[in-house]
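Chain by chain, the residues:
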Amino acid sequence: MTADTETPLNDIVDATATAVAADPAQALVVFRAAGTPEGTVGSAIRLGKHTVRVDEPPALGGADTAPNPVEVYLSSLIACQVVTYRFWAQQLGIAVDDLSVDAEGDLDVRGFFGLDDGVRPGFRSVRVTVRVSGPEPAERYEELQRAVDAHCPVLDLTTGRTPVQTTLVTS
């Protein structure tokens, strides 16, 4: 997994930069998802040509047939960290021999169940552990981490404020 400054990922960045320079509207991308109920508390989420199934463990009313929503969030954060590390390693010319990412979060279910309105329904905290190895000095991997922390979209969704507008349509 060694980084090389002449890579397909850098080619993607270069092509995107060229397209955006010619037309800034090319920088805007819309991602879509749609879901329907499945089972007691599960759901099937359509993401383009893919379907992701989500469920809850029995303690939360599900059959544990799929990861629950907060596990899906953690997997999204991990996946985004992995791809962002790979893009930025190549962009910065940092060699990476091995990379792995783990994440865990603390959730107090009193918020979700409405047992205590003073408790957030989401994670109280999330811990991400990135293991990276390669021939570079530690300072280069710290530079890589700073770049990833500054550019990872799913990390930004967690640490920044993203306006969300919900529209209810009834029939």
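The coordinates are above.
Please read all numbers here as calculations on a predicted model, not as lab measurements. (Residues numbered from 1 in each chain as written. Predicted model: local features only at pLDDT ≥ 70, side-chain atom pairs only at ≥ 80, totals over all residues. Heavy atoms only, no water.)

Peer 1: Explain the environment of Arg 140 to me, and be specific about the residues and the numbers.
Peer 2: Topologically, Arg 140 is positioned in helix 4 (residues 138-151). Sequence-distant contacts of Arg 140, that is, excluding residues within four places in its chain, are made with Leu 92, Gly 93 and Ile 94. (Helix = DSSP H or I, 4+ residues; strand = E, 2+ residues; numbered from the N terminus. Contact = heavy atoms within 4.5 Å.)

Peer 1: Provide a residue-level description of the sheet that holds strand 1 (residues 34-38), including the pertinent values.
Peer 2: With respect to topology, three strands assemble into an open sheet ordered 1-2-3, the strand pairing being antiparallel. Whereas interior strands pair on both sides, the edge strands pair on one side only; in this sheet they are strand 1 and strand 3 (50-54). Each strand of the sheet is rotated relative to its neighbour by a mean of 20 degrees, with strand direction disregarded. Strand direction decides the pairing type here: strand 2 (residues 42-47) and strand 3, joined by five bridges, are antiparallel. Bridge assignment links Leu 47 to a residue of strand 3, and that residue is His 50. (Pairing = 2+ DSSP bridges. Axes fitted to C-alpha atoms, helices over the stretch in contact; angles between N-to-C directions.)

Peer 1: Which residues make up unusual backbone geometry, and what are the values?
Peer 2: At Asp 64, a position not held by glycine, the phi torsion is positive, near 55 degrees. Structurally, the position occupied by Asp 64 is in the loop between strand 3 and helix 2 (69-92).

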